[in-house]
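Survey of secondary and tertiary structure
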Amino acid sequence: GIPYVVVSDTFGKGIDARIEKKSRYVWKQHHGDIPEDHMIINMDNDPMNCDISNLRCIPTKYRAFLRHNGWWNAPVEIKEVALKWCELFYSIKDV
């Protein structure tokens, strides 16, 4: 499963309003808010490992490239290069 953190004790709003994925919670504690068009990924593919050094905040538009090219579950070293490739691709495309 995916670990969650209870972020509010206010009842009556439903459980979804009271919990947050632990990876997002940890990222926010270290770096502040996550932009709306971004997502948090675990570099080692282990959702239980929410150490800040294992988390990356990436644009959601990278997701298609990661999945299509088989990089989503790749080892950390390959995933780091894949993210750089995505960054370069969009840098060139947006020029």
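Residues numbered from 1 in each chain as written. Predicted model: local features only at pLDDT ≥ 70, side-chain atom pairs only at ≥ 80, totals over all residues. Heavy atoms only, no water.

1. Observations concerning the nonpolar core
Put simply, the test is: In these notes, a set of buried Ala, Val, Leu, Ile, Met, Phe, Trp, Tyr and Cys residues joined through side-chain atoms within 4.5 Å is what counts as a nonpolar core. For each residue, the accessible area found with a 1.4 Å probe, counting protein chains only, is set against the maximum for its type, and the residue is called buried under 20%, exposed over 50%, and partly exposed in between. Segments assigned H or I by DSSP are reported as helices when at least four residues long, segments assigned E as strands when at least two residues long, and all are numbered from the N terminus. Here, two residues are considered to be in contact whenever any of their heavy atoms come within 4.5 Å of each other.
One finds Met39, Ile41, Met43, Ile58, Tyr62, Phe65, Leu66, Trp71, Ala82, Leu83, Cys86 and Tyr90 forming the largest nonpolar core, which totals 12 residues. When contributions to this core are tallied by element, the ones reaching two or more residues are strand S3 (38-42), helix H3 (62-68) and helix H4 (76-93). The leading source of residues in this core is H4, at 4 residues. For isoleucine 41, the contacting residues outside a window of four places in its chain are Asn54, Leu55, Arg56, Ile58, Trp72, Lys79 and Leu83. By size, the runner-up hydrophobic cluster in this structure holds 6 residues, among which are Val26, Trp27, Ile34 and Leu55.

2. Considerations on the packing of aromatic side chains
Selection criterion: Pairing of aromatic rings covers Phe, Tyr and Trp, the last counted by its six-membered ring, and requires centre-to-centre distances within 6.5 Å; plane angles under 30 degrees mean stacked, over 60 mean edge-to-face, and any other angle means tilted. As a reminder, the over-ring test applies to NZ of lysine and CZ of arginine, requiring each to be within 6 Å of the ring centre and within 35 degrees of the ring normal.
Counting across every chain of the model gives 7 aromatic pairs. Arranged with centres 5.5 Å apart and planes meeting at 65 degrees, the rings of tryptophan 71 and tryptophan 85 form a pair that is edge-to-face. Of this pair, tryptophan 71 sits in the loop between H3 and H4 while tryptophan 85 is found in helix H4, placing the two residues 14 residues apart along the sequence. Tryptophan 85 sits in the partly exposed class, given a relative accessible area of 37%. Of the aromatic side chains, those joined through ring pairs into one cluster are Tyr62, Phe65, Trp71, Trp85, Phe89 and Tyr90. One residue, lysine 61, lies across the ring of tyrosine 90, its end atom 4.3 Å from the ring centre. Above the ring of tryptophan 72, the side-chain terminus of arginine 67 is found at 5.0 Å from the ring centroid.

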